[in-house]
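# Breakdown of the fold
Chain by chain, the residues:
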There are 2 protein chains.
Amino acid sequence: MAGPTTYFDPTDSAGLEPPVRDLIERRARAMGSAYRLFYQDPVQLARGSGTKVYDVDGVEYLDAYNNVPSVGHAHPRVVAAIAAQAALLTTHTRYLSEPTVNYAEDLLSTLPEHIANVMFTCTGSEANDLALRIAKLATGGTGVIVTRNAYHGVTTEIAAISPSLGGVQSLADWTRVIPAPGPGIGFAEAVEAAIADLALAGIRPAALIVDTIFASDGVFADVPGLAHAAAAVHRAGGLVIADEVQPGFGRLGTGMWGFERHALRPDIVTVGKPMGNGAPIAAMLARRELVDEFNSHGRYFNTFGGSSVSIAAAQATLDVLRDENLIGNARVVGDYLVAGLTHLGRFVEVRGAGLFIGAQLENERVAVAAVNALRARRVLISAAGPANDTLKIRPPLPFSIADADRLLTELATALP
Amino acid sequence: MAGPTTYFDPTDSAGLEPPVRDLIERRARAMGSAYRLFYQDPVQLARGSGTKVYDVDGVEYLDAYNNVPSVGHAHPRVVAAIAAQAALLTTHTRYLSEPTVNYAEDLLSTLPEHIANVMFTCTGSEANDLALRIAKLATGGTGVIVTRNAYHGVTTEIAAISPSLGGVQSLADWTRVIPAPGPGIGFAEAVEAAIADLALAGIRPAALIVDTIFASDGVFADVPGLAHAAAAVHRAGGLVIADEVQPGFGRLGTGMWGFERHALRPDIVTVGKPMGNGAPIAAMLARRELVDEFNSHGRYFNTFGGSSVSIAAAQATLDVLRDENLIGNARVVGDYLVAGLTHLGRFVEVRGAGLFIGAQLENERVAVAAVNALRARRVLISAAGPANDTLKIRPPLPFSIADADRLLTELATALP
């Protein structure tokens, strides 16, 4: 590794307790080189509740990072739904199930009417993979346009449109990269140039796919030109895919979906991570005619996609999101946090919406130091962006004003 | 559709109760055209226990089909493990976790020593997708050899090696298809011919991938020449991937893995479906140097792969498999069932190992009639094979002699 990162560096484990070092070594031996650990002093979590997690020694941490347990760690209603359904039955979608149909209808009711069908998968990667298959079949094109540091998943197909995984050299020859949003970037012009470049190579566009909070690009909530870019893609015969795996389900504090903030009208929407508050469930949602076209070419069945326990968890999560007004909370506490971060006067820029915030520091070294110092002060966050210089703050949605104050206080001390 | 299948035909729903028909229509409207239902009279399951499932009216069915709830529907130990872990914490692999390391070591201990690393995914599709990525990087080749009616998953990459999904016309130009096993088929010769054909096209082989029970090919337990085929692939610079998603975890009644029966020495092993008894977990296991080579090219992280609740479910499932001697039961009851099926004198051939049995009838019409007649007699099975003429019998592993007798009795009446 070139310099410190927010991940554990195994060559620098001398400071750890022997039992922790032993466990890390056993882990590396069995699970191999792909697995990384957060922080130079890794955390061994044992339980969680709301916005707090506790390690095996009972030490409490404020979780300002994990977006998957979106309605709070071990939310009692989600836990009860999982336990009750697991005790009854776990099965797949080839048996008729009223709770599954109810959830499908409930989820679709949160989306524009033209998004008429849902197909359940297990992971956001699978949802995006399915979205691209559908887009390519429907358009007859293969070209895909993504942002410079995009991350959309880990299947072969999706890794080939995710420059944040292996760099641009790992992309497919039908992938075109546009700059990440930022000052002076004309998003619509960049997309138009990518369409023209595909045309020069004789490649018809299949889709523009955007994470509507541009998380791995460094968190950009407001991107002028996005709706115009979408229109250009439509004119060229391509589809627009809104990857809501990270921003979706109310995190941005205004409505359920990130694309609403940009006045986008996507043809396909993919959702995942927070959908089941940790239960593995994701989905691809699309216009009916796209789904019909796809299914006329072959069959699709995902054994675990929408299985009974995952659906029960997803329904409970959606119910809690509404009953506890967590979208409103994300807006109020998110605004408070942005103001507090800005007031600290230490950031190049503070960006974001709701409880998805990027706070940019002068460079990676400072950001990494802050992340590890915060961990030592029992607050969990991470860093993001192409230069890894941006603090990524993305807590469970019940994050309170008191939680925000604790984060701001610790951050003031942790920043060099 | 051309003629009846084992799936529900929506154009023939007149015989159903109005509330069932309404639910089916709502389902089709929301979930679209991909979703199929088993049986002309679909089953609406509400709960399960061991080898029995119960519909919403409390009617009991014998489950002779579902391989995912492998240690029995709603097994109390697995249910308790899921409920306990969900109440504590659900998180990912970037925090240190001793139960995860324990399970990784336990799983690896069931495999040959050269299979040294495990990477957790959510689904078998993701495991096979990762296996191919790794094989292609390690070999520098792209050619993949599969059997005629193979099914390995639903990602873009894996659909391109799964002729059972969309026919051979849906495959990639680097995919080569060999005949399904069967009388007169020289498996090693077919693989050698495929290698030669790849060479003619200037394509280097990356892998031979086989489901070691050849489920979608019609269930073939004994395939002469498979070990020789693997040797030919190795000589040509390719790898051998054992897809254990269906046969693995003891279903075949002799040891944990299907490849052991064929004296295969795979470079990569993929596992899934029964791994968590319904909890979404799967894995790719491989030689360490293959994993290292892959990780030197980029990063891989699967948010839900090996999350806390899935690992708890997988550990409980593995414990039950051993503590209840379910592999021994699969062998004894499987042998009894094969003898009983053969004794019925109605099958062209009865094939299989342990509790993975294919009973071939004269044609699809007879097989479909038998599957629907059995469903009416409250026994759940399905059909498989390229001609869809083979009854697929693949129950939860606690299937008892009494269960086998019930299946045989009902089958004797159900067969035309």
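Residues numbered from 1 in each chain as written. Chains lettered and ligands numbered in written order. Predicted model: local features only at pLDDT ≥ 70, side-chain atom pairs only at ≥ 80, totals over all residues. Heavy atoms only, no water.

### Description of the overall build of chain A
In terms of helices and strands, chain A carries 14 helices and 15 strands. Its C-alpha atoms put chain A at 60 × 55 × 45 Å along the principal axes. Evaluated residue by residue, chain A yields a buried proportion of 66% over its 416 residues. Considering only contacts within chain A whose residues lie at least 6 apart along the sequence, 72% involve residues at least 24 apart. Accessible surface for chain A amounts to roughly 13700 Å². Of this, 53% is attributable to carbon and sulfur atoms. (Helix = DSSP H or I, 4+ residues; strand = E, 2+ residues; numbered from the N terminus. Buried < 20%, exposed > 50% of the residue type's maximum accessible area, 1.4 Å probe, protein only. Contact = heavy atoms within 4.5 Å. Areas by Shrake-Rupley, 256 points an atom, 1.4 Å probe, with all protein chains shown as cover.)

### Focus on the domain arrangement of chain A
All names here are of chain A. Domains assigned within chain A are domain 1 (43–71 + 325–414) and domain 2 (76–323). When each unit is reduced to the centre of its C-alpha atoms, the spacing between domain 1 and domain 2 is 25 Å. Counting each side, the surface lost to burial between domain 1 and domain 2 is near 2200 Å², with a carbon and sulfur contribution of 63%. Of all residues in domain 1, V71, I327 and F356 give up the largest surface area on contact with domain 2, accounting jointly for 29% of the area buried on that side. In this assembly, domain 1 and domain 2 are joined by 0 salt bridges. Looking at the side of domain 1 that touches domain 2, the elements that each hand over two or more residues are helix 12 (326–344), strand 11 (349–353) and strand 12 (356–360). (Domains from an automatic or database assignment. Buried area = accessible area lost by both parts, 1.4 Å probe. Salt bridge = Lys/Arg side-chain N within 4 Å of Asp/Glu carboxyl O.)

### Some thoughts on the interface of chain B and chain A
Facing the 91 residues of chain B at the interface are 92 residues of chain A. Summed over the three residues of chain B that lose the most area to chain A, namely B:Y95, B:L96 and B:F304, the buried surface amounts to 11% of that side. The interface formed by chain B and chain A contains 4 salt bridges. A:E105 serves as the salt-bridge partner of B:R26, at 2.8 Å between the closest nitrogen and oxygen. Put simply, chain B and chain A have 42 residue pairs in polar contact (both at pLDDT 80 or more) between them. Broken down by element, the side of chain B that touches chain A gets its largest block of residues, 9 residues, from helix 1 (residues 18–31) of chain B. Considering only residue class, the side of chain B that touches chain A consists of 48 nonpolar, 27 polar and 16 charged. (Polar contact = N/O pair within 3.5 Å; in protein donor to acceptor, adjacent residues only side chain to side chain. Nonpolar A, V, L, I, M, F, W, Y, C, P; charged D, E, K, R; others polar.)

### Side note on helix 12 (residues 326–344) of chain B
All names here are of chain B. A rise of 1.5 Å per residue sets the reference length of helix 12, with its 19 residues, at 27 Å; its end C-alpha atoms lie 26 Å apart and thus fit the reference within 8%. Every buried residue of helix 12 is accounted for by L326, I327, G328, A330, V333, G334, L337, G340 and L341. Taken together, the buried residues of helix 12 touch helix 11 (308–323), strand 11 (349–353), strand 12 (356–360), strand 15 (390–393) and helix 14 (401–414). Trailing helix 12 by a residue or two, G345 shows a phi angle of about 70°, which is positive. (Expected span 1.5 Å × (residues − 1).)

### Thoughts on the sheet that holds strand 12 of chain A
All names here are of chain A. The sheet built from 4 strands is open, its strands ordered 11-12-15-14 with antiparallel pairing. Of all the strands in the sheet, just strand 11 and strand 14 (382–384) have a single pairing partner and so form its edges. Going across the sheet, the axis of each strand differs from the next one's by a mean of 30°, ignoring polarity. Pairing of strand 14 with strand 15 (residues 390–393) involves 3 bridges; the strand directions are antiparallel. Its bridge partner being in strand 15, A384 is matched across the sheet by T390. Contacting strand 11, strand 12 and strand 15, helix 12 crosses the sheet at an angle of about 5° to strand 12. (Pairing = 2+ DSSP bridges. Axes fitted to C-alpha atoms, helices over the stretch in contact; angles between N-to-C directions.)

### Considerations on the relation of the copies chain B and chain A
What relates the pair of chain copies is a rotation about an axis plus a shift along that axis. When chain B is brought onto chain A, the operation consists of a screw motion whose angular component is 180° and whose axial shift is 0.0 Å, with 0.0 Å RMSD remaining. Taken together, the rotation angle and the small translation identify this as a two-fold axis. Relative to the rotation axis, the C-alpha of B:A83 is the closest in chain B, positioned 2.4 Å from it. Mapped onto chain A, 100% of the interface residues of chain B are again interface residues, and the two copies thus contact each other with one and the same surface. (Least-squares fit on C-alpha atoms with pLDDT ≥ 70 in both.)

### Thoughts on helix 11 of chain B
Side chains three or four residues apart in an α-helix point the same way, a direct result of the helix having 3.6 residues per turn. Residues and elements named next belong to chain B. The end-to-end C-alpha distance of helix 11 is 22 Å, a good match for the 22 Å that 16 residues give at a rise of 1.5 Å each. Counting buried positions over the 16 residues of helix 11 gives 13, a clear majority of the element. N325 sits one or two residues past helix 11 and shows a positive phi near 50°.

### Observations concerning the packing of helix 13 (residues 364–376) of chain B against helix 14 of chain B
The axes of two packed helices give the description: the angle between them and the distance between them. Residue and element names in this part refer to chain B. Where helix 13 contacts helix 14, the axes come no closer than 9 Å and their chain directions differ by 125°. It follows from the interaxial angle that helix 13 and helix 14 lie oblique. Judged by the twist between their axes, the crossing of helix 13 over helix 14 is right-handed. Residue-level inspection shows A370, A373 and L374 of helix 13 in contact with helix 14, the latter providing L407, E410, L411 and A414. For the contact of helix 13 with helix 14, the class distribution of residues is 6 nonpolar, no polar and 1 charged. (Parallel < 35°, antiparallel > 145°, perpendicular 65-115°, else oblique. Left-handed = near helix turned anticlockwise from the far one by under 90°.)

### Let's talk about the pattern of salt bridges
Summed over all chains, the structure comprises 34 salt bridges over all chains. A:D323 is the partner of A:R77 in a salt bridge, and the nearest nitrogen-oxygen pair spans 3.0 Å. A residue pair is termed long-range when its members are at least 10 positions apart, and A:R77 in helix 2 (residues 76–88) and A:D323 in helix 11 (residues 308–323) qualify at 246 residues. Linking B:R351 and B:E349 is a salt bridge whose minimum nitrogen-to-oxygen distance equals 2.7 Å. Its relative accessible area of 9% is what places B:R351 among the buried residues.

### Some remarks on the pairing of strand 5 (residues 143–147) of chain A
All names here are of chain A. Within strand 5, 5 of the 5 residues are buried, which leaves it mostly tucked inside the rest of the structure. Side-chain alternation along strand 5 places G143, I145 and T147 on one buried face and V144 and V146 on a second face that is also buried. Sheet topology places strand 5 next to strand 7 (residues 205–211); 3 bridges connect them, and they run parallel. Bridge pairing in strand 7 links G143 to P205. Looking at chain direction, strand 5 and strand 6 (residues 175–178) are connected through 4 bridges and run parallel.

### Here's the deal with the sheet that holds strand 2 (residues 52–55) of chain B
Strand pairing in a sheet relies on backbone hydrogen bonds. The paired strands run either parallel or antiparallel. All names here are of chain B. An order of 1-2-3-13 is seen for the 4 strands of this open sheet, with the pairing classed as mixed. Edge positions in the sheet fall to strand 1 (45–49) and strand 13 (379–380), since each of these pairs with one other strand and no more. In this sheet, strand 3 (residues 60–63) lies alongside strand 2 in antiparallel orientation, the contact comprising 3 bridges. Bridge pairing in strand 3 links V53 to Y61. Across the face of the sheet, helix 14 comes into contact with strand 2, strand 3 and strand 13 while running at roughly 100° to strand 3.

### Description of the confidence of the model for chain A
When pLDDT is averaged along chain A, the result is 96, and 99% of the positions lie at 70 or above. Among the prediction metrics, the complex's ipTM stands at 0.97, with pTM recorded as 0.97. (pLDDT = per-residue confidence, 0-100.)

### Notes on unusual backbone geometry
All names here are of chain A. At V219, a residue that is not glycine, the phi angle is positive and equals roughly 70°. Within the secondary structure, V219 sits in the loop between strand 7 and helix 8 (226–235). Even without being a glycine, N325 presents a positive backbone phi close to 50°. Mapped onto the elements of the fold, N325 is located in the loop between helix 11 and helix 12.

### Considering the pairing of strand 15 of chain B
Residue and element names in this part refer to chain B. Where burial is concerned, the two faces of strand 15 agree: the one with T390 and K392 and the one with L391 and I393 are both buried. Examined bridge by bridge, strand 12 and strand 15 share 4 bridges and lie antiparallel to one another. In the strand pairing of strand 15, Q360 is matched with T390. Following strand 14 (residues 382–384), the chain reverses through 5 residues before pairing antiparallel with strand 15; G385 in that reversal takes a positive phi of roughly 95°.

### With respect to the side chain of B:S382
Residue and element names in this part refer to chain B. If you trace the backbone, S382 turns up in strand 14. On the basis of relative accessibility, which here comes to 2%, the residue S382 falls in the buried class. In contact with S382, other than residues within four places in its own chain, are T6, F38, Y65, V371, T390, L391 and K392.

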